[in-house]
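# Reading the structure
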Amino acid sequence: MRCYVLMGVSGCGKSSVGIALSAACNVTFVDGDDLHPKCNIDKMARGTPLDDADRAPWLADVGRLIAKYDGAVVVGCSALKRRYRDWIREEVDEPVHFLHLDAPKDVLSQRVASRPGHFMPPSLLDSQFATLERLEAGEWGSEIDIARPYDEVVAQSEEYVRGTMI
């Protein structure tokens, strides 16, 4: 396996864990936020949650990006609903593994509040939790508790990726 998505609500560590995985496992990391069109970024910055129509083209772009890589790739992407994960999978001709970086809302609220200057305001965290659908039976992936120390989160993520890479 070579296709991985670090998923979860804002502030869960998709970027920081992705960068660490890239170095530890010699894989490419892409921050899915960089694939958002400006109108999506502007909408979120105004405190307005994205809807499915906003997300669909972005998620298709995430899937196409994964599909174009020859080697292993990790993408940070919220992928909050099963349907969103399916939209990514539709673009890739092989299994995509989702690592759900998860923690209680209070932990993530503190993290989001401590990120000044990020386009995603703390006010949108509630809408992300309301949208979140956990990984279901039949989806390749794992949940990782990010309330634990960062080094343990990275180690568990690395163990999962190394254990599934071919």
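Structure: above.
Summarised in this report is the structure supplied together with it.

Relative to the 24 Å expected for 17 residues at 1.5 Å per residue, helix 3 (residues 52–68) spans 24 Å between its end C-alpha atoms, a close match to the ideal helical length. Asp-54, Arg-55, Trp-58, Leu-59, Ala-60, Val-62, Gly-63, Leu-65 and Ile-66 are the residues of helix 3 that are buried. The elements touched by buried residues of helix 3 are strand 1 (3–7), strand 2 (28–31), helix 2 (38–45), strand 3 (73–76) and helix 4 (82–89).

With respect to the helices, strands and loops of the structure, Asn-40 is situated in helix 2. Note on Asn-40: relative accessible area 2%, which makes it buried. Every residue in contact with Asn-40, bar those within four places of it in the chain, is listed here: Leu-50, Asp-54 and Trp-58.

Looking now at the side chain of His-36. Take His-36: it is sitting in the loop between strand 2 and helix 2. Looking at His-36, its side chain comes within polar contact range of the side chain of Asn-40, at 3.1 Å. Ignoring anything within four residues of it in the chain, the contact list for His-36 reads Ile-41, Met-44, Leu-50 and Trp-58.

Taken as a whole, helix 2 has its buried residues at Asn-40, Lys-43 and Met-44. Taken end-on, helix 2 shows its buried residues confined to a sector of 95°, consistent with a single buried face. Pointing more than 90 degrees away from the buried face of helix 2 are the exposed residues Lys-38 and Cys-39. Packing partners of the buried residues in helix 2 comprise helix 3.

A large share of strand 4 (residues 97–102) lies buried, amounting to six of its six residues. Going residue by residue along strand 4, you find His-97, Leu-99 and Leu-101 tucked away on one face and Phe-98, His-100 and Asp-102 tucked away on the opposite face as well. Here four bridges tie strand 1 to strand 4, and the two strands are oriented parallel to one another. Considered in strand 4, the bridge of Leu-6 is made with Leu-99. Note: strand 4 against strand 5 (residues 141–145), five bridges, orientation parallel. In the strand pairing of strand 5, His-100 is matched with Glu-143.

Calculation criteria
Residues numbered from 1 in each chain as written. Predicted model: local features only at pLDDT ≥ 70, side-chain atom pairs only at ≥ 80, totals over all residues. Heavy atoms only, no water. Helix = DSSP H or I, 4+ residues; strand = E, 2+ residues; numbered from the N terminus. Expected span 1.5 Å × (residues − 1). Buried < 20%, exposed > 50% of the residue type's maximum accessible area, 1.4 Å probe, protein only. Contact = heavy atoms within 4.5 Å. Polar contact = N/O pair within 3.5 Å; in protein donor to acceptor, adjacent residues only side chain to side chain. Arc of directions from axis to C-beta. Pairing = 2+ DSSP bridges.

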